[in-house]
Structure formats: structure tokens, C-alpha cells
Amino acid sequence: MIVLAFADIFGKPGRRAVAAALPDLRARFSPDIILGNAENLAGGRGVNRRLFQEMIQMGFHGLTSGNHIWDNRDVYQFIDQEERLLRPANFPAPPGDACPGRGFGVIRSASGKGLFVINLMGRVFMDSVDCPFQAADRILKENPTGFPILVDMHCDATSEKYAMGWHLAGRVAAVIGSHSHVQTADERILPGGTAYITDVGMSGAFDSVIGLKPQEIIRKFVTKRPHHYQQSKENPGVSCVVIQIGPNNKATNIERLRFAVPLGGMDGEGDLE
């Protein structure tokens, strides 16, 4: 199996860049499963039904998320019914006043191949949620599967991502990081056949501060006052990884890619999506 995985796809620049790059990526790698992280699709503010469907029609088989999944209230209207959109599995879960949706499941290709995907969120410098390490252990114990397993570890601290990689080494096919928006150069195969990278990186405007216009972010750092942010549209590009998984559900290779995607002028100045 070949998995093409994107992390945070930021707003219209990210969606357009990915759409433009996908035909060549498909021709080059022939991926069985295409995954992405959806929590920044709507201009960095979550995901709505229209943009989720846009990604599915683009060719994505499943989408993970993270701490921004609830930023767009439209997600509450469809996440319970949509198995292809995951939220972190260590969010509070039903019964009771908890989070809708699911944190793991089998993502299938059109040809019927399946990938068991687990979405987790870290706790260092982030919201207080259940322990992702215990959540991973519980999910693997309670859901034995013959499918290869991929984990999206959505968190801030690189040490927490690396710890999860080593915690699951040999037990899953891949642990890939998201959330930081900056691609790391540490892709490798951990002992036991687990592909790992600390952060796959953002697809969106490369001339930005994690997707937003630099001057507005600089002003916030300098003045320490709140400011209105707009997404940048300059120099769009794509970050992704290609993971090869053998018949024993162990990874044999992980390749990191990052490249600009010339798109010409972009409309919609100030458009949140």
C-alpha cells in the first residue's frame, strides 16, 4: 500500500495548491490512500461541509483534524454522520456532554483497500485532554485489525511527537505529526517498521507565518496587543509525505516532499475560506 499524506491544509491557498499538485503526485506515486488534516481548511478556522466535500471530490479518502476542529460550527451538523472526518480520539467522548464524531476508523480506497487511522492530540502547550498515549494503547487493544495503522499525532511539542513515535514503534505502520505547520527533516523508519516524521508541514502560502500575513503576526509580537489576522496568499505550495507499507503492514519507506505550486493571481482578499 502507498499512502500520500498531507498535514495542515491552510485555507484557499492550501486547497488550490493541493488540487494543482495532486495529478502529478498521483502519476508519480500511484497512492492507494490520500489523507489530509482538515482543521485549517476554512481559512485556518476549522472545516465546514462544503469544504469537506471539496476535498473528497478532489480525491481525498479521509481527513483528520486537531484543536481547531470546532472553530466552524457547521462541523457539528455532519461530523457524527461522516466516517471520513476524524477528530482527536482523546477528546471527551460520549456518553454525556462530550464531543461528537469519532477519533479513529478504517479509511478505504475506491478499490477497497483499507487503512486504520487514529487521530490523537498532544497535551504539552495545548488544551487539557485525555492522555494520548493511554488512548492509543486502548484503541489498539480494543480494535484489533488486519489493516495497516497510521496515527496523526497533532501536537505542539516535538518531544511529545517523538515520544509517541517510539511508544508505537513496531505496533503501527506510521506516526506522522501535524499542527506546527513547519515541515521537519527527520523522516525515518523506526525499529519494527514504523514510518515517522515529526511534522509533515503545511500546504498553503509559504510566504507567511504558519499561513497568516507576516506583518500582522509581527505586530502582535511587538505590541502584545490583539490584532486581526488574514491568511497570506503569497507563494503557495505543498508539503506531504509518501509512505510505502509492505504486505506485513510494516512501513518500508517514507519520502518527504515540499515544493511551491505557481497558481497565478488569487481572488478573495480577506476571504476567510
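Residues numbered from 1 in each chain as written. Predicted model: local features only at pLDDT ≥ 70, side-chain atom pairs only at ≥ 80, totals over all residues. Heavy atoms only, no water.

Participant: Would you take a moment to explain the pattern of salt bridges for this structure?
Facilitator: Two side chains that carry opposite charge are able to pair once their charged atoms sit near each other. For the structure shown, the criterion picks out 7 salt bridges. Put simply, Glu255 and Arg28 hold a salt bridge, and the shortest N to O gap is 3.3 Å. Here the residue Glu255 occupies a position in strand E12 (residues 251-260), and Arg28 occupies one in helix H1 (residues 11-29), the gap between them amounting to 227 residues. Classification of Arg28 by relative accessible area gives exposed; the value is 55%. Note that Arg256 and Glu187 form a salt bridge whose closest N and O atoms lie 2.8 Å from each other. Separated by 69 residues along the polypeptide, Arg256 in strand E12 and Glu187 in the loop between strand E7 (174-178) and strand E8 (188-190) bring together distant segments of the chain. The exposure class of Arg256 is partly exposed, given its relative accessible area of 32%. Classification of Glu187 as partly exposed rests on a relative accessible area of 26%. (Salt bridge = Lys/Arg side-chain N within 4 Å of Asp/Glu carboxyl O. Helix = DSSP H or I, 4+ residues; strand = E, 2+ residues; numbered from the N terminus. Buried < 20%, exposed > 50% of the residue type's maximum accessible area, 1.4 Å probe, protein only.)

Participant: What is the right way to read helix H4 (residues 158-168) from this model?
Facilitator: In an α-helix there are 3.6 residues to a turn, and that puts residues three or four apart on one side. Of the positions making up H4, those classed as buried are Glu160, Lys161, Met164, Gly165 and Leu168. Summarising the axial view, the buried residues of H4 lie within an arc of 145°, below the 170-degree limit, and thus occupy one face. Looking at the buried positions of H4, the neighbouring elements they touch are strand E5 (114-121), helix H3 (132-142), strand E6 (149-154), E7, E8 and strand E9 (194-197). Count one or two residues on from H4 and you reach Gly170, which has phi positive near 85°. (Arc of directions from axis to C-beta. Contact = heavy atoms within 4.5 Å.)

Participant: Mind showing me how you'd approach the sheet that holds strand E4 (residues 104-108) here?
Facilitator: Pairing between the strands of a sheet comes from backbone hydrogen bonds, and it takes one of two forms, parallel or antiparallel. Across the sheet, 6 strands lie side by side as E4-E5-E6-E7-E9-E8; this open sheet has mixed pairing. The sheet terminates laterally at E4 and E8, the two strands that pair on one side only. With strand direction ignored, the average angle separating the axes of adjacent strands in the sheet is 30°. Pairing of E6 with E7 involves 5 bridges; the strand directions are parallel. Bridging from a neighbouring strand, His154 pairs with Ser178 of E7. Of the strands in this sheet, E4, E5 and E6 are in contact with H3, which crosses E5 at around 155°. (Pairing = 2+ DSSP bridges. Axes fitted to C-alpha atoms, helices over the stretch in contact; angles between N-to-C directions.)

Participant: I keep staring at the side chain of Glu82 and nothing clicks. Help me out?
Facilitator: Here Glu82 lies in the loop between strand E3 (62-64) and E4. When residues no more than four places from it in sequence are discounted, the contact partners of Glu82 are Phe52, Gln53 and Arg102.

Participant: Please clarify how the nonpolar core should be interpreted in this entry.
Facilitator: One finds Phe6, Phe60, Leu85 and Leu120 to be the most contacted residues of the largest nonpolar core, which totals 56 residues. Those elements that provide at least two residues to this core are strand E1 (2-8), H1, helix H2 (49-58), E5, H3, E6, H4 and strand E11 (236-245). Looking at this core element by element, the count peaks at 6 residues for H1. In terms of nonpolar packing, the next biggest core, distinct from the first, is built from 21 residues, Val117, Ala173, Ile176 and Ala195 among them. (Core = buried A, V, L, I, M, F, W, Y, C linked by side-chain atoms within 4.5 Å.)

Participant: Quick question: what am I supposed to make of H3 here?
Facilitator: Within the sequence span of H3, burial applies to Pro132, Ala135, Ala136, Ile139 and Leu140. End-on, the buried residues of H3 take up no more than an arc of 125°, which puts them together on one face. Turned more than 90 degrees from where H3 packs its buried face, Gln134, Lys141 and Glu142 sit exposed. Lining the buried residues of H3 we find E4, E5, E6 and H4.

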